[in-house]
Amino acid sequence: MDFNSLMEICLHQLTLSGVNDSQKVIVLSQGAERLDYADAFLAAGQRLGARMYHLRLPAPVQGSGAWAVGATGLAANADAVEALKQADMVVDLIFLLFSPEQMAIQAAGVRILTAVEPAPLLARLLPTTELRERVEIGAHYLAKAKTMHITSRHGTDVTYKIGSYPTISEYGYTDTPGRWDHWPAAFVFTGAADDGVDGTIVLAPGDVLLPFNTYVREPVVYTIENGWVTDIRGGLEAELIKSYMGEFKDPRGMGMSHVGWGLDHRAQWHGLTQFGGGMGMELRSFYGNVMFSTGPNNELGGPNDTACHLDIPMRGCSLFLDGEPMVLDGDIAVKEMKAA
Ligand code: FE2
């Protein structure tokens, strides 16, 4: 994408995020990654009169190949964390999510926007206030529920006892002090009580495995008891999932993480075919998907901070809160949450 177009979408982002001439915004990058994004955000923020600067960390020294969430270059840079705490807003071009440093920055009242997806996707899924309203309606329903029941014609039948952890909404921008969001995004989620998930989840062909960035071809059957995955069975994808999880040598990877549904009518289920280089935010957001996750729940305030994390958006599921349908066969079931 050319610089002017990138700058224009960053201007849209920062405007929705409430940036103005009274604010300080720090853009955080590492190595040679997304320096074009950094320049575009700096120029956009300057256009809005904000005090802008760019904090660039060195490239990470080693990579395991696995997507180990929560380990960032900020961990060894207490001075940098202190600087970031002084901002009104941080634009995260690294992916800080699940790190203690991100939590510390948010706790200081700083809002954080993560932007790491391919620029054409940022442009196509520009956040809107309309999308925010529908996501917040979903969050309202989720926050007051005690039970989530998910079913599918493929055999999924699982119950989450919810209400003990907060509800999180993601709508792709953030104008609220201390709040994090991710561009692009449009979904809501929460987590179950630590021992509060029981049942069976059956992945069907076309469901999505993140961070593998692949589609399931053969059914995968998860058995879940008291909040822990106790068995994973199926064909090739089941073997890949088990092999990947085994790489972490951490039994807490079998914990149940966040769960919720997607609301962006513009996001495409087939998005991986176009943006395989991204981290799958389009797949987390597509309209009527039900996404469950395994691994950490520290993002929600829970005790499990394992680095082994999978997000699995599923098609064609039904999701009920205290018996009331939110999603039916992959379509949004609540009138005011539906796309116009
Ligand atoms: Fe996740």
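Residues numbered from 1 in each chain as written. Predicted model: local features only at pLDDT ≥ 70, side-chain atom pairs only at ≥ 80, totals over all residues. Heavy atoms only, no water.

## Some details on the overall build of the chain
Moving on, step 1. Across its full length, the chain holds 8 helices and 20 strands.
Moving on, step 2. Against the compact-globule benchmark of 20 Å for 340 residues, the chain has a radius of gyration of 19 Å, which places it among compact chains.
Moving on, step 3. Based on the C-alpha atoms only, the size of the chain along its principal axes is roughly 55 × 45 × 35 Å.
Moving on, step 4. Residues counted as buried form 55% of the 340 residues belonging to the chain.
Moving on, step 5. For the chain, the share of sequence-separated contacts (at least 6 apart) that also reach a separation of at least 24 residues comes to 71%.
Moving on, step 6. Only carbon and sulfur atoms are counted for the fraction: they give 53% of the accessible area of the chain, which is about 13400 Å². (Helix = DSSP H or I, 4+ residues; strand = E, 2+ residues; numbered from the N terminus. Rg over C-alpha atoms; globule rule 2.2 N^0.38 Å. Buried < 20%, exposed > 50% of the residue type's maximum accessible area, 1.4 Å probe, protein only. Contact = heavy atoms within 4.5 Å. Areas by Shrake-Rupley, 256 points an atom, 1.4 Å probe, with all protein chains shown as cover.)

## Thoughts on the pairing of strand E14 (residues 228–234)
Moving on, step 1. Taken together, the 6 bridges between strand E13 (residues 220–225) and E14 define a ladder with antiparallel strand orientation. When the sheet's bridge partners are listed, Glu-225 is paired in E14 with Trp-228.
Moving on, step 2. Two successive antiparallel strands, E13 and E14, enclose a turn made up of 2 residues, where Asn-226 displays a positive phi of approximately 50°. (Pairing = 2+ DSSP bridges.)

## Structural notes on the domain arrangement of the chain
Moving on, step 1. Domain annotation for the chain reports domain 1 (3–116) and domain 2 (127–337).
Moving on, step 2. Averaged C-alpha coordinates put domain 1 and domain 2 at centres separated by 25 Å.
Moving on, step 3. Listed as interface residues are 27 residues of domain 1 and, on the opposing side, 27 residues of domain 2.
Moving on, step 4. When domain 1 packs against domain 2, the two sides together hide about 2300 Å² of surface, and 66% of this comes from carbon and sulfur.
Moving on, step 5. Between the two partners, domain 1 and domain 2, sit 0 salt bridges.
Moving on, step 6. One can count 11 residue pairs in polar contact (both at pLDDT 80 or more) joining domain 1 with domain 2.
Moving on, step 7. For the side of domain 1 that touches domain 2, the secondary structure elements donating two or more residues are helix H1 (3–16), helix H4 (100–107) and strand E4 (111–114).
Moving on, step 8. The leading source of residues in the side of domain 1 that touches domain 2 is H1, at 5 residues. (Domains from an automatic or database assignment. Buried area = accessible area lost by both parts, 1.4 Å probe. Salt bridge = Lys/Arg side-chain N within 4 Å of Asp/Glu carboxyl O. Polar contact = N/O pair within 3.5 Å; in protein donor to acceptor, adjacent residues only side chain to side chain.)

## Digging into the coordination of the iron ion
Moving on, step 1. At the metal site, the iron ion is ligated by His-258 (NE2), His-309 (NE2), Asp-311 (OD) and Asp-311 (OD), and these contacts range over 2.1 to 2.4 Å.
Moving on, step 2. If you look at the iron ion, its 4 donor atoms make angles of 55 to 118° with each other, and the shape they trace is irregular.
Moving on, step 3. Every donor residue of the iron ion comes from the same chain, spaced as H-x50-H-x1-D. On the criterion of sequence distance, the pair formed by His-258 in strand E15 (residues 256–262) and Asp-311 in strand E17 (residues 310–314) is long-range, its members being 53 residues apart. Note on accessibility: His-258 and Asp-311 belong to one class, buried. (Donors = N, O, S within 2.8 Å, 3.2 Å for Na, K, Ca; no water. Tetrahedral: all angles 85-135°; square planar, octahedral: opposite > 155°, others 65-115°.)

## Observations concerning the sheet that holds strand E1 (residues 24–30)
Moving on, step 1. Within the open sheet, the 5 strands sit side by side as E2-E1-E3-E4-E8. Their pairing is parallel. Of all the strands in the sheet, the pair left with one neighbour each is strand E2 (51–57) and strand E8 (180–182). Direction aside, neighbouring strands of the sheet carry axes that sit 20° apart on average.
Moving on, step 2. Pairing of strand E3 (residues 89–92) with E4, which is carried by 4 bridges, proceeds in the parallel orientation. Within the sheet, the bridge partner assigned to Met-89 lies in E4 and is Arg-111.
Moving on, step 3. Against the sheet, helix H2 (residues 35–47) touches E1, E2, E3 and E4, its axis set at about 165° to E2. (Axes fitted to C-alpha atoms, helices over the stretch in contact; angles between N-to-C directions.)

## Some words on the packing of aromatic side chains
Aromatic rings in a pair are described by how distant their centres are and how their planes are angled relative to each other.
Moving on, step 1. Summed over all chains, the structure comprises 7 aromatic pairs.
Moving on, step 2. Ring plane angle 35° and centroid distance 6.0 Å describe the contact between Phe-187 and Phe-189, whose orientation is recorded as tilted.
Moving on, step 3. According to the relative accessible area criterion, Phe-187 is buried, its value standing at 3%.
Moving on, step 4. Here the aromatic rings of Tyr-222 and Phe-292 are separated by 5.3 Å at their centres, their planes lie at 85°, and the arrangement is edge-to-face. Separated by 70 residues along the polypeptide, Tyr-222 in strand E13 and Phe-292 in strand E16 (residues 290–294) bring together distant segments of the chain. Of the two residues, Tyr-222 and Phe-292, neither departs from the other in class, the shared state being buried.
Moving on, step 5. Among the aromatic side chains, those forming a connected cluster through ring pairs are Phe-212, Tyr-244 and Phe-248.
Moving on, step 6. One cation-aromatic arrangement involves Arg-315 over Trp-269; the distance from NZ or CZ to the ring centre is 3.7 Å. (Phe/Tyr/Trp six-rings, centres within 6.5 Å; stacked < 30°, edge-to-face > 60°. Lys NZ or Arg CZ within 6 Å of the ring centre and 35° of its normal.)

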